[in-house]
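Below are the chains, spelled out letter by letter.
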Amino acid sequence: MAPAAKKQSPPTLDPTTFSVVWNKIDYIVEQIGQKVLYSTQSFVTALARDLGQTFLNARGEIVSAASYLPIHTMVAQEAIQGLESYFHGEYEPGDFIVANDPYIVKGGHLPDWNFIRPVFYQGQRIGFFQAKTHVSDTGGFMPGGYAPGAYDIIAEGLNIPPLKIIKGGVLQQDLWGFLLRNVRNSTQVDMDTMLINGAMAQAEEQLVSLCDKYGVETVKAGMEEIIQAGERAMRAEITKIPDGTYYGESATDWDGKTDQPVWVRVEVIVQGDELTFDFTKSDPQCTFVNCPWGVVVTDSAISTFFIIDAGVPKNGGTLRPLRIIAPKGSVVNPVYPATVGASQIAVGIQIVEACVLALGRALPDRAMAGWGKHFCPMHLGVDPTRIDPRTGQPRRYFAETFASDSGSGAVKGFDGWLGIGFMAAAGNFLRPNIEHFESECPFVVNAVEVLPDWEGAGAFRGAPGTYLEFVAHTVPGAPAVLQTGNSDGSRFAPPGVVGGASGPLSEITVYGADGTKRPLRTIDLQPVFPGDRCITKCSGGGGWGNPLDRDVHKVRDDVLDGYVSVERARNVYGVVLESDTLEIRQEATEQWRKELQSRQGAA
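These numbers were taken from a predicted model, which means no experiment stands behind them. (Residues numbered from 1 in each chain as written. Predicted model: local features only at pLDDT ≥ 70, side-chain atom pairs only at ≥ 80, totals over all residues. Heavy atoms only, no water.)

**Section: the packing of helix H9 (residues 293-307) against helix H11 (residues 347-362)**
Axis separation between H9 and H11 bottoms out at 8 Å; the angle between their running directions is 40 degrees. Between H9 and H11, the angle falls in the class oblique. Remark: the crossing between H9 and H11 carries right-handed chirality. Each of Val295, Val296, Asp299, Ser300, Ile302, Ser303, Thr304, Phe306 and Ile307 in H9 lies in contact with H11, whose residues at this interface are Gly348, Ile351, Val352, Cys355, Val356 and Leu359. Taken together, the residues that form the contact of H9 with H11 break down as 10 nonpolar, four polar and one charged. (Axes fitted to C-alpha atoms, helices over the stretch in contact; angles between N-to-C directions. Helix = DSSP H or I, 4+ residues; strand = E, 2+ residues; numbered from the N terminus. Parallel < 35°, antiparallel > 145°, perpendicular 65-115°, else oblique. Left-handed = near helix turned anticlockwise from the far one by under 90°. Contact = heavy atoms within 4.5 Å. Nonpolar A, V, L, I, M, F, W, Y, C, P; charged D, E, K, R; others polar.)

Listed below in structure tokens is the structure:
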């Protein structure tokens, strides 16, 4: 993706009209997501907010990206390019398109479907609405999309090229019926798809009303100025980064097959007001964790958003100064039919982390430590004690708690946020409530707790780790599987920055009812048996700055809150506390910190 020309036309709208148009478009796009969230049948969409929606102009450039998952919104331009490779501008009012093929619409794994509706005003196409979410199922040899071991991407699930399932307002029954026949939970997939189309149809009505009120040319001019505002703001921020080449790297545990780590390596090149992300040194493509092109573009942009001013608009103009180099046949640009099941979770997170670490070397005051990885076993199986009265079939479940995810790394001035999830989600994921998880599948959660001494230490510390314990109440002989293709971080800890410490490694252990103990590694599948007790310990985020520079009162507060033990406060942060009152022994602390600093200097 090469940067576009910098030439920009001057604003054509008065500020008030421009503000009204911009805010109304943002509101319309946001409302699509709100309507979907409150009506969807997919638990991942409804409860974890695994959703993103955008509005793009007729050229396929993002005008407005709602504040949902950036991995689902900022990829929209690549999706529209894939759409155009099929339809070449041949759309009509009432069209509604479904696609998920990562080698065409360039997105992540197969359960993340793209839903696209061309938008018309009086017969003139003025743009596209695009939504993306993890649907209830997309076929394949296992539910959920996170099962390692597929022979190729065909085995991973249904590969859908851009298809007009609604053409000119008319549902194509044969085509849609064919797709539904090849997915599990077809009723849910059907309901959610029609829900998204309905939400987009209502959004189109609101956009038509906006054009009626201000004139379509005024609205189109506003769309162009929104994109230009994003480009100007992004270029201005890039100029604050010193020119140079900055290196970052990050690895995922393995690909489910080779038992070797998979590395993402990037050189971020800053030249004036443009950024180049060169992934040439990354590993060759492998299995399961490969990232399609659109994921690489999106995650590179996310890393930039973490470093720059938060007020910079997130749209197509923001992407113009960014250039991506990712050789074909690499883990960051695989060749069909390579599998991509864990693309967003394994290598996708590593792209963000590697780029953030590289940019942090350019701007240490804005550097951000690594976050805890996504670390959350999925539960798949059949519960024969619960019969669906509509079908007479036993309940098939696919669920996960999301509760075992930890939080973010530290930045200068701020500790990591507890429970915010993994890096590529940028804080937009939510943890569903435990009661819903327990109602979905035969497991009971005994504990969700902060894990003491499981943070990356620093002048500003990373988020604490998370402890989760659940017990299987499955029926003997019924299919039941724990799947960890969505989990990472047992081999490589979230790194600290500017002298901060890394977080610890994550781990999963299953304790059998017979007293046996077996580790459950990431990117794996294992049967689960009645009475099995599973414990996950998810690493906290990395730290920023030397732990011996941390405010002593903050260290004491962490001890009182149960985040840090008295021993760790002394040995890592150099703070000596009274054993009974936990008051700070000021003189002893000053002397002990000097001793620890001298040891650091001698090391």
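**Re the pairing of strand E13 (residues 394-400)**
Each regular strand displays side chains that alternate between the two surfaces of the sheet. In this sheet, E13 lies alongside strand E12 (residues 378-387) in antiparallel orientation, the contact comprising seven bridges. From the neighbouring strand, Asp383 faces E13, where its bridge partner is Arg395. The antiparallel hairpin formed by E12 and E13 contains six residues in its connecting segment, where Gly392 sits at a positive phi of about 75 degrees. (Pairing = 2+ DSSP bridges.)

**Overview of helix H15 (residues 586-602)**
Each full turn of the α-helix corresponds to 3.6 residues, which orients residues three or four apart in the same direction. Along its 17 residues, H15 runs 25 Å from first to last C-alpha, staying within 8% of the 24 Å computed at 1.5 Å per residue. Where H15 is concerned, the buried positions are Thr589, Trp592, Arg593 and Leu596. The arc that holds the buried residues of H15, viewed along the axis, is 105 degrees, so those residues lie on one side. When the buried face of H15 is taken as reference, the exposed residues oriented beyond 90 degrees from it are Glu587, Gln591, Lys594, Gly601 and Ala602. (Expected span 1.5 Å × (residues − 1). Buried < 20%, exposed > 50% of the residue type's maximum accessible area, 1.4 Å probe, protein only. Arc of directions from axis to C-beta.)

**Observations concerning the sheet that holds strand E20 (residues 533-538)**
Strand order in the open sheet made by the five strands is E14-E15-E20-E17-E18, with antiparallel pairing throughout. The open sheet has two edge strands with one neighbour each: strand E14 (443-451) and strand E18 (517-519). Within the sheet, the average angular offset between the axes of one strand and its neighbour, ignoring direction, is 15 degrees.

**Some points on the sheet that holds strand E8 (residues 244-252)**
Hydrogen bonds between backbone groups are what pair the strands of a sheet, and the pairing can be parallel or antiparallel. Ordered by their spatial adjacency, four strands build an open sheet running E8-E9-E10-E11, and the pairing between neighbours is mixed. Looking at strand neighbours, the two that pair on one side only are E8 and strand E11 (322-325), the edges of this open sheet. Between one strand axis and the next, the sheet turns by 20 degrees as a mean value, whatever way the strands run. In this sheet, strand E10 (residues 274-278) lies alongside strand E9 (residues 262-271) in antiparallel orientation, the contact comprising five bridges. Across the sheet, Val270 pairs through a bridge with Leu275, a residue of E10.

**With respect to the environment of Leu83**
By secondary structure assignment, the location of Leu83 is in helix H4 (residues 76-87). Residues Leu83 and Gly145, 62 residues apart in the sequence, show an inter-C-alpha distance of 23 Å. Contacts of Leu83, omitting those with residues within four sequence positions, involve Tyr91, Ile97, Ile116, Phe128 and Pro162.

**Thoughts on H11**
Over its 16 residues, H11 runs 23 Å from end to end, which matches the ideal 22 Å to within 8%, given 1.5 Å per residue. Among the 16 residues in H11, 15 count as buried, and that is most of the element.

**Focus on the nonpolar core**
Formed by 54 residues in total, the largest nonpolar core has its most connected members in Phe277, Phe279, Val289, Val332, Val347 and Ile351. The contact partners of Val347, leaving out residues within four places of it in the chain, are Thr252, Val262, Val264, Val289, Cys291, Val331, Val332 and Ala342. With 46 residues, the next largest nonpolar core counts Val63, Phe115, Val219 and Ala221 among its residues. (Core = buried A, V, L, I, M, F, W, Y, C linked by side-chain atoms within 4.5 Å.)

**Details of the side chain of Asn57**
In this fold, Asn57 is placed in strand E1 (residues 51-57). A polar contact is formed between the side chain of Asn57 and the backbone nitrogen of Arg59, at a distance of 3.0 Å. Setting aside its immediate chain neighbours within four residues, Asn57 contacts Val63, Ile126, Gly127, Phe128, Met223, Glu224 and Ile227. (Polar contact = N/O pair within 3.5 Å; in protein donor to acceptor, adjacent residues only side chain to side chain.)

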